[in-house]
Amino acid sequence: MSALGRVVRSGVGRRRVQTAVIGLATAMAVAAAVLGGSLLTASAAPFDHAFDDQHGAHLSVRVDGEKATAAQVEASTKASGVTAAAGPFATVTAAARDKDGHDLPPLTVVGRADPGGAVDAVTLLTGAWATGPDQIVLSSDAPVGVDPSRSPLGRQLAFPDLPGSPTLTVVGLARSVSRTAGAWVAPSTIARLTRPGSTAGFQVLYRFAAADTAEQVEAGRAAVTAGIPAEAVSGTRSWLTLRQEAARETALLVPFLVAFGVLGLVMSVLIVGNVVAGAVGAGLRRIGVLKALGFTPAQVVRAHVAQALVPAAIGTAVGVVAGNLVALPVLAETRDLYGAATAAVDPLVNVVVVAAALVVVAVTAWASAWRAGRLRTVDALAVGRTGGPARGRLAAALASRLPLPRSVTLGLSRPFARPARAVAMLAAIVFGAAAVTLAVGLAASLTEVQSALDHDTADVTIGSPDLRLPPGVQAVQGPDGRTISRVPDTADRAAIDAAIDAQPGTLAHYSKATRPVVVAGLSSPCPVSGFTGDVSFAGYRMISGRWFTAPGEVVVPSTFLTATGTAVGDTAALDDQGRSVVVRIVGEVFDTRDDGMGIFTDAATLSDLKADSYSIAVRPGTDVAGYVTALDSALRPQSTTAEAATSRGTSDTLLLIAGITATLTLVLVAVAGLGVLNGVVLDTRERVHDIGVHKALGMTPRQTTATVLSSVVLVGLVGGALGVPAGMALHGEVMPAMARAAGTGMPSTVFTVYHPAELVLLGLGGLVIAVLGALLPAGWAARTRTATALRTE
Amino acid sequence: MTTPVIELRDVRRAYDDGPPALHDASLTVLPGEAVAILGPSGSGKSTLLNLIAGLDRPDSGTVTVAGVRVDRLGEAASARYRRAKIGMVFQFFNLLDDLTVADNVVLPAQLAGMARAEARKRAAELLGALGVDRHADTYPGRLSGGERQRVAVARALVNRPPLLLADEPTGALDSASGEEVSALLAELNADGQTIVVVTHDLALAKSCTTRTIRLVDGHVDDDLTAGTAR
Ligand SMILES: Nc1ncnc2c1ncn2[C@@H]1O[C@H](COP(=O)(O)OP(=O)(O)OP(=O)(O)O)[C@@H](O)[C@H]1O
Ligand SMILES: [Mg+2]
């Protein structure tokens, strides 16, 4: 082995703790980076991946078959800018009935001979493509209650309103990223699903040479519809709309992942740099000896870079494996959420993280060793002997005056003797405390968001208040197999109200009716929810303004305000079945259902609103099951039933965020603890002789431990005091950014989540990190054999 | 019969696999004695002193100091034992550089739980008696070797220990300072302080002790009582 290699090896071996700390810190940083990085790419990618795989349609156009000819539609596929097209496919809208008699919402049925093609190559998830006249393939996002845990194959769909009452059998389940249909049939089957006297429409799917911006897609739309009569185009949809919808939830993740990612990155650079610099500082005398023996400055630098890179490389390897292992289950969850195809960490993420980690370690090691390499040999030797200039004597003298045990005051003033080291430990603790504060704040905010989203929180319901059925549909099967129903039109609303009022145990109740209205300036109708009764317990949270108090007043979500360019205080014109209703917007409510386009008002704002559902809060202590049974029998004449409300559980996205937050916080706290550990190890090693003297003078192991632990108390307290406001500031940036990404305002309770008592506890968290990091070296110091320590020169 | 301050019986101590640094060592020191332990380098003098101070434990044999079985003490108990019974002076002073002279002296008293004011009073007395009181508020780095060793002696005596141990107290001093320290030890002994001094300086042994013990290869070779206690 070369002289240099021998020096590196003994350096790695002798400074075992530093070597281990470098390895561990890099491992944790790398693992966190792999997790964060893969989530970032995964949350951005699933839609794009799937869209590319399926050659998704940049634009889908539906044409009225009565107002345009097949030739006109056919010609549109040759328009300039179109690189590929599929169709025209015949298409109809048809409403099916389940075999147990439930009417299903209307489906867009498209006639296609095969799932493949140059555009919208549909993925067949199970079963086969529809070829026979009695076969149908359902889309996985068709609104007909596809239960993911049960095979839909063999399900019978009847169309009783059509001539011959055809019944089709589900033979396959497919997914179209472009969401071009609710179901597919063989082209010849379309005729069986077409109402007499009407003509099937056409669906055409296009890919454009340029479709990255709304303007480009719009240009494409103009080109392909140029040859078709304007009144014949009954609908167009840009892929950008779908992409935005798909990204809505994932976009929520980005700001907070970035915040944690940056925190983690800065911390690992700090820790690794600090450890390496500390190792060099502690080894100055050794460097002096090496140079006296004839090592060149360059050799000294190389020796130190290698001493840091060996453990860092091992740590990086461990970290990559750990990061991938942790990321897999999390990614599997995101995949379930967003329908992405793969659940593996992007190899590019691994490569980038590994390279970055090694470069960071090498650069920091190089920078700190370079100084040492430059140092004059005489000075390096002298540094080692005198133990550096005597700093912090004033602090030591002041501390000795405190009315505390001497073993404690000896430790308290310690940071002032080594200010640079203390600042490094302080920085680690500030970051750790900031991370914990941010995580606690995020968790509280997300809980707030969850409870704000969970409105319509009733104890007992009649009809389903939380899901909207298309007009005329009485009941459908929900995705979880639950029946979603509404109160029948024939039921006597006044009698239901009376029955609820008469029921002992009723605390408050309200009813809700829903009807779509057209809002001036918006292309698609917005659902109006009309309330009657006491809505106060429903849990709607206001972002600004107030809840409505009279007919003619409405509250709307932020998205609605943005889409219509209105503000609280403005009026809006609604077209309700041909009658114009002018309403005043009195508040901005936090709601994301119906893509945030719902309108909430008094039932009397619109005429003839019939309640679809009733929500009831019972008095505390009421037996809900007994209440439901009693109410049920009272409701029997109205042919409707009461149900105990099932809890809706926490949103998967929020669970995911909570899980990632917890993992990343643990890692960051551990890294901060390592930073303290490293500093204290350097300190005790440097002071091993002094510790021996103390012990010879009668310091017990317990007193020694107390001295070492109190040496980090100040750093821990100050770190906590600085870290908590930093974490709060970060929270103040991240939460609004998340809200912006999700395209909604949020109630102020989401932002103001910190309570004074909690802040004090969080501040003490800095102390906890410091003490945890110092425990190990404190134990070593306490156990050091006095005789051995005294021999150390 | 007076109870001995130190009683070693058949003590043996070997480091690792080497030959024993100390074997079959027995020794009795009575109150008021000043004992010099002489011997060539590596003969086990420091090992013997460490055993008496409770800094180290024998492999076999017993060490009793002021009625305490030192060889049986745990870490914490031996620290408390040192506080109460032992004052130690080292060849290289072992003063703490980041504490003032006075703070160095009061440290053992404070570790033992004495109030700061009281400890400082005692320290001022001692520093005055040893002639270094004008340096009380300076740092040890500024003092001459002889002054430092006086401070170390003051620190060793602050808790009024029944036994003062010194390992080569003049080894790092020029001859003039060495003689000063040796005179100081003789004075302390004259006031009744029991002292054990490790040295290879025969002159020092003669000038300040009542008895000389010679160690050779870890064995008590010779026990010369130089007359009666002064
Ligand atoms: N911690 C230790 N580990 C291993 N061997 C040791 C240790 N301490 C002392 N020794 C060995 O024990 C023997 C006696 O050492 P000791 O320090 O007691 O000698 P000494 O008489 O004080 O010598 P000196 O006059 O040079 O100080 C020596 O051979 C020494 O190498
Ligand atoms: Mg010795």
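Residues numbered from 1 in each chain as written. Chains lettered and ligands numbered in written order. Predicted model: local features only at pLDDT ≥ 70, side-chain atom pairs only at ≥ 80, totals over all residues. Heavy atoms only, no water.

As recorded in an unreviewed UniProt entry, chain B goes by Putative ABC transport system ATP-binding protein and comes from Umezawaea tangerina.

Rules: UniProt positions are given in the numbering used here, feature names are shortened, and annotations may be inferred rather than shown by experiment.
As named in an unreviewed UniProt entry, chain A is Putative ABC transport system permease protein, taken from Umezawaea tangerina. If you open the UniProt record of chain A and go to Subcellular location (unreviewed entry), you find "Cell membrane". The annotation that UniProt attaches to chain A under Sequence similarities (unreviewed entry) is "Belongs to the ABC-4 integral membrane protein family."

## Digging into the overall build of chain A
To keep it simple, the criterion reads: The helix and strand labels rest on DSSP assignments: H or I over at least four residues marks a helix, E over at least two residues marks a strand, and numbering proceeds from the N terminus. Categorising residues by exposure relies on relative accessible area from a 1.4 Å probe, with only protein chains included: less than 20% of the type maximum marks a residue as buried, more than 50% marks it as exposed, and the intermediate range marks it as partly exposed. Any pair of residues with heavy atoms lying within 4.5 Å of one another is described as a contacting pair. Calculation of accessible area relied on Shrake-Rupley with a 1.4 Å probe; when residues are assessed, cover is drawn exclusively from the protein chains displayed.
When helices and strands are counted, chain A shows 22 helices and 22 strands. Sorting the 793 residues of chain A into buried and exposed places 51% on the buried side. Relative to all contacts within chain A whose residues are 6 or more apart in sequence, the contacts with residues 24 or more apart total 80%. Carbon and sulfur atoms make up 62% of the accessible area of chain A, which amounts to about 33,800 Å² in all.

## Section: the site of ligand 1
Note the cut-off: Note on definitions. A residue lies near a molecule or strand when any single heavy atom of the residue is within 4 Å of it. In protein, a polar contact means a hydrogen-donor-capable atom and an acceptor-capable atom, both N or O and within 3.5 Å, with residues adjacent in sequence counting only if both atoms are side-chain atoms; elsewhere, any N or O pair within 3.5 Å suffices. Throughout, the ten residues Ala, Val, Leu, Ile, Met, Phe, Trp, Tyr, Cys and Pro are labelled nonpolar, Asp, Glu, Lys and Arg are labelled charged, and all others, Gly among them, are labelled polar.
Near ligand 1 there are 11 residues, and of these B:Ser41, B:Gly42, B:Lys45, B:Ser46 and B:Thr47 occur at the shortest range. Ligand 1 sits at the junction of chains A and B, each of which supplies nearby residues. The backbone of B:Ser43 places a nitrogen or oxygen atom 3.2 Å from an oxygen atom of ligand 1. B:Ser46 places a polar side-chain atom, nitrogen or oxygen, 2.7 Å from an oxygen atom of ligand 1. Protein contacts shield 63% of the accessible area of ligand 1, which totals 630 Å² for the unbound molecule. For the shell around ligand 1, the leading source of residues is helix α1 (residues 45-53) of chain B, giving three residues. Here the shell around ligand 1 is composed, by residue class, of three nonpolar, six polar and two charged.

## Focus: the interface of chain B and chain A
Basically, it comes down to this: Buried area is understood as the total, over both parts, of accessible area removed when two parts are fitted together, assessed with a 1.4 Å probe. Whenever Lys or Arg places a side-chain nitrogen within 4 Å of a carboxyl oxygen from Asp or Glu, that contact is recorded as a salt bridge.
Residue-level contacts link 25 residues of chain B with 24 residues of chain A. Note on chain B versus chain A: buried area summed over both sides is about 2,400 Å², and carbon and sulfur give 56% of it. Summed over the shared surface of chain B and chain A, the number is one salt bridge. Ionic pairing is found between A:Arg785 and B:Asp56, a salt bridge with its closest N-O pair at 3.3 Å.

## Notes on the pattern of salt bridges
One pass over the full model with this rule turns up 22 salt bridges over all chains. Of the charged contacts, one joins A:Arg546 and A:Glu553 as a salt bridge, the two residues approaching to 2.9 Å between their closest N and O atoms. B:Arg13 serves as the salt-bridge partner of B:Asp56, at 3.0 Å between the closest nitrogen and oxygen. Of this pair, B:Asp56 sits in the loop between α1 and β4 (60-65) while B:Arg13 sits in strand β1 (residues 6-14), and the two are 43 residues apart along the sequence. Each member of the pair, B:Asp56 together with B:Arg13, is buried. Here the salt bridges do not stand alone but share partners, grouping A:Arg414, A:Arg418, A:Arg421, A:Asp683 and A:Glu686 into one network.

## Considerations on the packing of aromatic side chains
By convention here, two paired aromatic rings are described through the distance between centres and the angle between planes. All names here are of chain A. Note the cut-off: Here a pair means two rings of Phe, Tyr or Trp (six-membered ring of Trp) with centres within 6.5 Å. Their orientation is stacked below 30 degrees between planes, edge-to-face above 60, and tilted elsewhere.
Evaluation of the coordinates by the stated rule reveals 10 aromatic pairs over all chains. With 6.2 Å between their ring centres and 10° between their planes, Tyr206 and Phe208 make a pair best called stacked. A connected cluster of aromatic rings, assembled from ring pairs, spans Tyr510, Phe531, Tyr540, Trp547, Phe548 and Phe600.

## What about the packing of helix α13 (residues 419-453) of chain A against helix α21 (residues 756-783) of chain A?
Residues and elements named next belong to chain A. Defined as follows: Axes here mean lines fitted to C-alpha atoms, for a helix over just the part in contact, with angles spanning 0 to 180 degrees between N-to-C directions. Our angle categories are set so that under 35 degrees counts as roughly parallel, over 145 as roughly antiparallel, 65 to 115 as roughly perpendicular, and the remainder as oblique. Helix crossings get a hand from a simple test, with the near helix turned counterclockwise from the far one by less than a right angle marking a left-handed crossing and a clockwise turn marking a right-handed one.
Close contact between α13 and α21 brings their axes to 9 Å; oriented N to C, the two are set at 140°. In terms of their interaxial angle, α13 and α21 are classed as oblique. Relative to α21, α13 is oriented so that their crossing is right-handed. Across from Ile429, Gly432, Ala433, Val436, Thr437 and Val440 in α13, the residues of α21 making contact are Glu758, Leu762, Gly766, Ile769 and Ala770. Here the contact of α13 with α21 is composed, by residue class, of seven nonpolar, three polar and one charged.

## Some details on helix α3 (residues 101-111) of chain B
Counting buried residues along α3(B), 11 of its 11 residues qualify, which places the element largely inside the surrounding structure. Within the span of α3(B), buried status applies to B:Val101, B:Ala102, B:Asp103, B:Asn104, B:Val105, B:Val106, B:Leu107, B:Pro108, B:Ala109, B:Gln110 and B:Leu111.

## What to know about the environment of B:Ala152
Residues and elements named next belong to chain B. Looking at where Ala152 falls in the secondary structure, it is placed in helix α5 (residues 145-157). Distance from Ala152 to Arg211, taken between C-alpha atoms, is 23 Å for residues 59 residues apart in sequence. When sequence neighbours within four positions are dropped, the list of residues in contact with Ala152 reads Met88, Val89, Phe93 and Leu95.

## Describing the UniProt feature "transmembrane region" (unreviewed entry) in chain A
Residues and elements named next belong to chain A. In the numbering adopted here, UniProt assigns the feature "transmembrane region" (unreviewed entry) to residues 21-40, 252-284, 305-328, 348-367, 422-444, 654-677, 708-730 and 759-782. Secondary structure within residues 305-328 divides into 100% helix and 0% strand; the distance between the first and last C-alpha atoms comes to 33 Å. Split by type, residues 348-367 is 100% helix and 0% strand. Its first and last C-alpha atoms lie 28 Å apart.

## Focus on the sheet that holds β1(B)
Sheet strands pair via backbone hydrogen bonds, and the direction of the pair is either parallel or antiparallel. Residue and element names in this part refer to chain B. As a reminder of what qualifies: One bridge is not enough; two strands pair if DSSP finds at least two bridges between them.
The antiparallel open sheet is built from four strands, whose spatial order is β2-β1-β4-β5. Strands at the two margins of the open sheet, each flanked by one partner only, are β2 (20-29) and β5 (68-69). Along the sheet, α1 makes contact with β1, β2 and β4, crossing β1 at roughly 125°.

## Side note on the confidence of the model for chain A
Residues and elements named next belong to chain A. Operational definition: Residue-level confidence of the predictor is summarised by pLDDT, bounded by 0 at the bottom and 100 at the top.
Looking at chain A as a whole, the pLDDT averages 78, with 80% of positions reaching at least 70. Per-element averaging of pLDDT across chain A places helix α9 (residues 377-386) at the bottom with 51 and helix α19 (residues 701-710) at the top with 92. Long-range and interchain partners of residues 383-389, a stretch whose pLDDT sits below 50, account for four contacts in this model, where long-range means more than four residues apart.

## A short note on a nonpolar patch on the surface
All names here are of chain A. To keep things clear, this is the line we draw: For patch detection, residues must exceed 30% relative accessible area and be free of salt bridges, and they are connected within 9 Å for like charges or within 5 Å for nonpolar side chains (Val, Leu, Ile, Met, Phe, Trp, Tyr).
A cluster of nonpolar side chains, contributed by Phe416, Leu714, Val718 and Leu722, occupies part of the molecular surface with about 330 Å² of accessible area. For the nonpolar patch, the element with the most residues is helix α20 (residues 713-741), which contributes three residues. For Phe416, the position within the fold is in helix α12 (residues 414-417).

## Points about the confidence of the model for chain B
On average, chain B scores 87 in pLDDT, and the residues at 70 or more come to 97%. Ignoring residues within four places in sequence, the model shows residues 226-230 of chain B, a span with pLDDT below 50, making 10 contacts including any to other chains.

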